Structures are given as C-alpha cells and as structure tokens.
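Residue-level structure breakdown
Given next are the chains, with one letter for each unit.
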Amino acid sequence: MIRINENFSKLKASYLFVDIARRVNAYAAANPGKPVIRLGIGDVTEPLPPACIEALHAATDEMARRETFKGYGPEQGYAFLREAIAANDYAARGCSVAPDEIFVSDGAKCDSANIQEIFSQDARLAIPDPVYPVYLDTNVMAGRTGADKDGRYEGVRYLDCTPANGYVPEIPSGPSDLIYLCFPNNPTGAVATRAQLTAWVDYARRNKAVILFDSAYEAYIRDPQIPHSIYEIEGARDVAIELRSFSKTAGFTGLRCAYTVVPKSVMAADAAGGEHALHALWNRRHTTKFNGTAYPIQKAAAAVYTPEGQRQTRALTDFYLGNARLIREAMKKLGLPCVGGDNAPYIWINTGRDSWEFFELLLHKAQVVCTPGAGFGRCGQGHVRISAFNSRENVVTALERVAAALA
Ligand code: PLP
C-alpha cells in the first residue's frame with residue numbers, strides 16, 4: 001500500500017481555531033439566548049474600499065469583451081501591479097526594490113508556507129514563540145523537525161517572546177539558517193524598532209542566514225520611528241525575503257492577493273559551496289506551481305495605490321486601530337497588562353492565569369471569544385489575543401460585558 005508522509009503525524013492533533021470553534025459552538029448551542037461576540041479569529045469585518053470595488057467591476061467588464069479579455073497572465077503578476085508596489089511600498093520609503101523582485105500571489109499564508117521549499121532539508125530553523133502557526137507547521141510537514149516533545153518540536157530554535165523582552169526576541173547566541181520574523185506581530189501586536197531589526201539583519205549577515213520577514217500588518221504602523229519594511233535596514237537586501245498581503249491592508253481576505261519580495265542579491269549555497277540567487281529558485285518554484293492571481297483581483301489591488309485607494313485604506317486601518325485603542329484602554333482599566341493595538345490590530349493580554357481558563361471565563365461570563373495564547377506556543381501560556389477586527393458596536397458591547405464579568 002502507498003505510504004503517507006509521516007511528518008504529518010508529528011503535527012499537533014487539533015488546529016487552534018477548530019478547538020475554539022468547538023467550544024464556542026457547544027456554548028452557543030447550550031445557551032441560545034446569550035449571543036456571543038467573536039474577538040478571536042483575525043478576519044476583517046468591513047467591506048472593501050470603493051476604489052477596489054470600482055476596479056474590480058471595470059476589470060470584470062474587460063473580461064466580458066473579446067478585445068480586452070485576459071487568459072493566463074504572467075505567473076509573477078502583471079507589470080502594472082508590480083510597478084505600483086515597487087513605487088509606493090518601497091521607493092517612497094527609500095527602499096530599492098525592483099518590480100521584477102516582486103512576486104504577486106494569492107496570499108501570504110501560501111507564500112509563508114511555500115518559501116521553505118527552496119531551502120535545504122537540514123536548514124536550521126529559528127522560529128518565534130508565540131507564532132503564526134503556518135511557519136512552524138509547514139516545516140514540520142516538510143520533515144525539517146523532530147517529534148513534538150512537551151509542546152515543542154525537536155530541532156527548532158525557538159525565539160522566546162516574553163514580557164521580559166517586550167515580546168521581541170533576542171538575538172540567539174548560536175547559528176541559525178532560516179529565521180522567521182513577523183512585525184507588527186501576530187499574535188502579540190508587538191513591533192520591532194530600527195535598532196532591533198538592525199541587530200537581526202547583522203546576525204543574519206554574520207551567519208549567512210536568511211530572514212523571512214512577514215509584514216502582513218505593515219499598514220497598521222503609526223509610530224513614525226518604526227520601520228515598515230526590512231529593506232529600510234542597511235544590508236537587508238542581501239539576507240531578507242519580505243512577505244506582504246492586501247488582506248489586512250485593504251480587506252482582501254476574501255479576494256486573495258499578496259506578494260513576496262526576493263531581492264536578486266540574496267544568495268544561498270549548494271552542498272559544493274556554489275552560490276545561487278534565491279530569486280532564481282523562487283521564480284522557478286512560483287512559475288512551476290502557480291498560475292497567477294486573477295486579473296480583476298490584481299486590478300483591485302492596484303487600486304489601493306490610487307489617491308482614493310490610499311485614503312480609503314487608511315480610513316479602514318484607522319477604524320480598526322480605533323477599536324484596538326478602546327480594547328487596550330479597557331484592559332488597562334481592568335489592571336491587565338497588555339501590548340499591541342497601537343501599531344497592530346491585535347492586543348496581547350497577560351492575564352496572570354492559564355490562557356484556556358481565561359478564555360472559558362470570558363466565554364461563559366461575558367459571551368466574548370478571545371484566542372488563548374497557549375495555542376500559539378509555549379510562551380503564549382498565560383496570555384490571550386484580542387482582535388480589533390469587528391464592528392465598533394460589537395467591540396463596545398464586548399468590552400462592557402468583559403468589564404462586568406471581571407469586576
Ligand atoms: N501572515 C500573518 C502573520 C498573518 O497573520 C496572516 C493572516 O492572518 C497571514 C500571513 C495570511 O495572509 P493572507 O490572507 O494574505 O494569506
């Protein structure tokens with residue numbers, strides 16, 4: 001009989017959000033008169049910006065006419081979108097990224113999952129704890145880790161993010177090859193300063209390592225001192241790949257559009273010591289396994305960079321940040337220490353008790369769903385994540401209920 005990839009058997013049994021849904025559904029079924037407010041899953045709630053909708057309609061009409069119909073497009077994305085990204089997200093911030101170093105895709109989830117394929121099987125991993133689970137699980141599936149021992153996979157260097165380091169991991173003392181960093185962070189909402197990112201770039205350069213920098217929440221940065229891109233750091237073009245998404249920037253979680261930047265100067269070695277540009281490998285992988293993001297979706301993404309698109313997406317992220325501010329203030333009033341929410345749509349609360357116990361308390365006493373931090377890694381224990389993605393009305397009601405429950 002054909003055999004399975006047994007690396008899948010190493011994965012932890014239940015996906016966090018499945019576990020949460022099971023508990024919430026059981027509670028809702030037993031308490032039909034008590035409506036639940038979900039501040040757990042990180043999905044947006046507000047509709048798409050009008051500029052994107054207009055572009056989507058216009059592009060759909062183009063698809064309806066023989067003269068303007070589009071079939072397969074370039075796998076890496078249309079030039080109009082890659083050029084808009086290079087100009088607005090990079091050149092405007094003083095970063096040099098060429099349009100052909102940008103690979104448009106249908107999601108940062110897929111990109112952050114797929115990128116590990118271009119590295120050797122024995123690449124030494126450095127992964128934050130707590131973490132967006134995709135980075136870890138895809139390396140487990142690929143066989144780059146050992147078994148799960150007490151909640152941690154053997155062979156992974158975990159980068160602890162704790163109250164002591166402000167949830168920004170310290171530089172490890174030993175070497176690593178593949179380093180995953182995410183700022184503004186999911187789940188903690190923490191941001192990294194220029195000095196902290198410089199230390200990581202220097203570490204990667206010393207170790208001839210590669211940083212995978214996930215900046216899916218870049219659009220939420222408001223502090224002018226915080227870098228938006230890893231390429232704002234000197235030397236990063238030689239050691240960093242950057243992932244971005246239109247999901248949280250412009251509400252594209254249902255439309256699907258993201259991109260990955262692989263500078264042509266990032267090199268890695270083969271077994272014989274020969275050097276290879278990762279750009280060529282990723283281009284080969286992307287064009288072999290992906291057939292391009294839909295034309296109307298890329299048109300909608302390009303509309304984000306028009307003056308109206310910029311105004312509308314700013315209003316959207318401002319709205320969620322307004323929710324985040326209310327959540328942060330309410331937690332402070334309750335005496336619960338928290339980070340995030342000022343440059344990110346997530347608030348990470350140090351509850352001072354077991355994170356599933358706190359989750360159950362909020363569900364049963366306030367009918368509010370949060371995400372237990374323990375589900376993101378061992379260092380998440382004692383914490384919960386509250387998401388600012390919801391209507392203002394729901395956030396205000398949820399906070400009133402939480403205050404009453406914890407009083
Ligand atoms: N990266 C991080 C850190 C995320 O939190 C998310 C979504 O929650 C993603 C990537 C996925 O983004 P996309 O919707 O583009 O797949």
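For the structure itself, look to the data block above.
Residues numbered from 1 in each chain as written. Predicted model: local features only at pLDDT ≥ 70, side-chain atom pairs only at ≥ 80, totals over all residues. Heavy atoms only, no water.

**Focus: the overall build of the protein**
Using the following cut-off: Strands are runs of DSSP state E lasting at least 2 residues, helices are runs of H or I lasting at least 4, and numbering of each runs from the N terminus. What the globule rule says is 2.2 Å times the number of residues to the power 0.38, and the radius of gyration is computed from C-alpha atoms. Residues are treated as being in contact if the distance between any of their heavy atoms lies within 4.5 Å. Only the protein chains shown count as covering a residue, and every accessible area follows the Shrake-Rupley method with a 1.4 Å probe. Working convention for charge: Lys and Arg count positive, Asp and Glu count negative, and His plus the chain ends are omitted. A single reference atom marks each charge: NZ on Lys, CZ on Arg, CG on Asp, CD on Glu.
Helix and strand counts for the protein stand at twelve helices and 17 strands. Taken over C-alpha atoms, the radius of gyration comes to 21 Å for the protein, in line with the 22 Å a tight globule of 407 residues would show. Sequence separation of 24 or more characterises 73% of the internal contacts of the protein that already satisfy a separation of 6 or more. For the protein, the computed accessible surface area is about 17500 Å², with 53% contributed by carbon and sulfur atoms. Put simply, the protein has 44 plus and 44 minus side-chain charges, and the middle of one group is 3 Å from the middle of the other.

**A look at the site of the ligand**
To keep things clear, this is the line we draw: A cutoff of 4 Å decides nearness: a residue is near a molecule or strand if any of its heavy atoms lies inside that distance of it. In this count, Pro and Cys sit with the nonpolar residues alongside Ala, Val, Leu, Ile, Met, Phe, Trp and Tyr, while Asp, Glu, Lys and Arg are called charged and the others, Gly among them, polar.
Taken together, 14 residues form the shell around the ligand, and within it Asp214, Tyr217, Ser245, Ser247 and Arg256 come nearest. Against a free-state accessible area of 390 Å², the protein chains account for coverage of 91% of the ligand. The set of elements that each furnish at least two residues to the shell around the ligand consists of α4 (108–114) and α7 (247–250). Along the lines of polarity and charge, the residues of the shell around the ligand split into six nonpolar, four polar and four charged.

**Overview of the state of the cysteines**
Note the cut-off: Pairs of cysteine sulfur atoms within 2.5 Å are what we label disulfides. Relative accessibility decides the category of a residue: with a 1.4 Å probe and only protein chains considered, values under 20% of the type maximum give buried, values over 50% give exposed, and everything between is partly exposed.
A complete count under the given rule lists zero disulfides for this structure. Between cysteine 52, a free cysteine, and cysteine 257, which holds the nearest cysteine sulfur, the sulfur-to-sulfur gap is 10 Å. Cysteine 161 supplies the cysteine sulfur nearest to cysteine 182, a cysteine that is in no disulfide, at a spacing of 10.0 Å. You can call cysteine 182 buried: its relative accessible area is 3%.

**Details of unusual backbone geometry**
The omega torsion across aspartate 129 and proline 130 is 5°, close enough to zero to call that bond cis. Here proline 130 is to be found in the loop between β3 (125–129) and α5 (133–141). Residues other than glycine seldom take positive phi values, yet arginine 256 does so here, at roughly 80°. Position of arginine 256 relative to the elements: it lies in the loop between α7 and β10 (258–261). Positive phi values are uncommon outside glycine, yet glutamine 367 reaches one of about 55°. Structurally, glutamine 367 is set in the loop between α11 (355–366) and β15 (368–369). On the basis of relative accessibility, which here comes to 11%, the residue glutamine 367 falls in the buried class.

**Some thoughts on the sheet that holds strand β13 (residues 338–340)**
Worth spelling out the cut-off: One requirement defines pairing of two strands: DSSP has to find at least two bridges between them. With axes taken as lines fitted to C-alpha atoms, and helix axes fitted only over the stretch in contact, angles between N-to-C directions fall between 0 and 180 degrees.
Spatial ordering of the open sheet is given by β13-β14-β17-β16, a layout of four strands whose pairing is antiparallel. Of all strands in the sheet, those with a lone pairing partner are β13 and β16 (371–372), marking the two edges. Strand direction decides the pairing type here: β16 and strand β17 (residues 383–387), joined by two bridges, are antiparallel. Along β17, the bridge assignment pairs threonine 371 with arginine 385. Seen against the sheet, helix α10 (residues 307–333) touches β13, β14 (346–350) and β17 and runs at an angle of roughly 165° to β13.

**Focus on the sheet that holds strand β8 (residues 210–214)**
Taken in spatial order, the seven strands line up as β2-β10-β9-β8-β7-β3-β6 in an open sheet, and their pairing is mixed. On the outer flanks of this sheet lie β2 (102–105) and β6 (156–160), each paired with one strand and no other. Averaged over neighbouring strand pairs, the angle between their axes works out to 20° when direction is ignored. Note: β3 against strand β7 (residues 178–182), two bridges, orientation parallel. When the bridges of β7 are listed, alanine 126 appears paired with isoleucine 179.

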